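# A closer look at the structure
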Amino acid sequence: MKSFAVIRGDNTDKVKIALHDLEQYGKFQFQAKPKQIEPDYADHLLVSVLRVPLKARCKSAALVELDDNAGAVISRLKKIHPPAHIVIVSPRHEAYNELINKSKNYPVFDRGFNNKRESKPMNM
């Protein structure tokens, strides 16, 4: 049964790298393109799923539907160390059905990196 991964980060680049790490090193199959979600909603999901008080708010967040069950996802997550906090939402969580309904409405998460460096001509 599929599950959702909520990726919470201090900035957008960390979320982008965590998504890459999930695919590259965790070998996760995304059911659809990652979606951008509001950081406050990601914080709410963390508290709802883990049932712990929020220690720090995130500044960027994404949601991705995974093809694997939550147990397999969590087991593989322990082997990689993405630079963002990842919360797995399975069908046993109340938020799961809410995410099924809401995920279609979120915009696609922009995974591209902006190269902010100006290219300098090479001296020959």
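Structure: above.
Below: a short report on this structure. Not measured: the values here are computed from a predicted model.

### Comments concerning the nonpolar core
Of all hydrophobic cores here, the largest spans 19 residues; its most connected members are Ile-7, Leu-19, Leu-22, Phe-28, Leu-66, Leu-77 and Ile-88. Put simply, the parts of the chain that give this core at least two residues each are β1 (3-9), α1 (12-24), β3 (60-66), α3 (70-77) and β4 (85-89). Element by element, the count of residues in this core is highest for α1, at four residues. Not counting residues within four places of it along the chain, the set of residues in contact with Phe-28 comprises Leu-22, Glu-23, Leu-66, Asp-68, Val-73, Arg-76, Leu-77 and Ile-80. Listed in part, the 17 residues of the second largest apolar core include Ile-37, Tyr-41, Ala-61 and Tyr-106.

### Let's talk about the pairing of β1
Most of β1 sits inside the fold, with seven of its seven residues counted as buried. Covered by surrounding structure in β1 are Ser-3, Ala-5, Ile-7 and Gly-9 together with Phe-4, Val-6 and Arg-8, the residues of both alternating faces. Pairing of β1 with β3, which is carried by seven bridges, proceeds in the antiparallel orientation. Residue pairing for β3: Ser-3 is matched across the bridge by Leu-66.

Analysis parameters
Residues numbered from 1 in each chain as written. Predicted model: local features only at pLDDT ≥ 70, side-chain atom pairs only at ≥ 80, totals over all residues. Heavy atoms only, no water. Core = buried A, V, L, I, M, F, W, Y, C linked by side-chain atoms within 4.5 Å. Buried < 20%, exposed > 50% of the residue type's maximum accessible area, 1.4 Å probe, protein only. Helix = DSSP H or I, 4+ residues; strand = E, 2+ residues; numbered from the N terminus. Contact = heavy atoms within 4.5 Å. Pairing = 2+ DSSP bridges.

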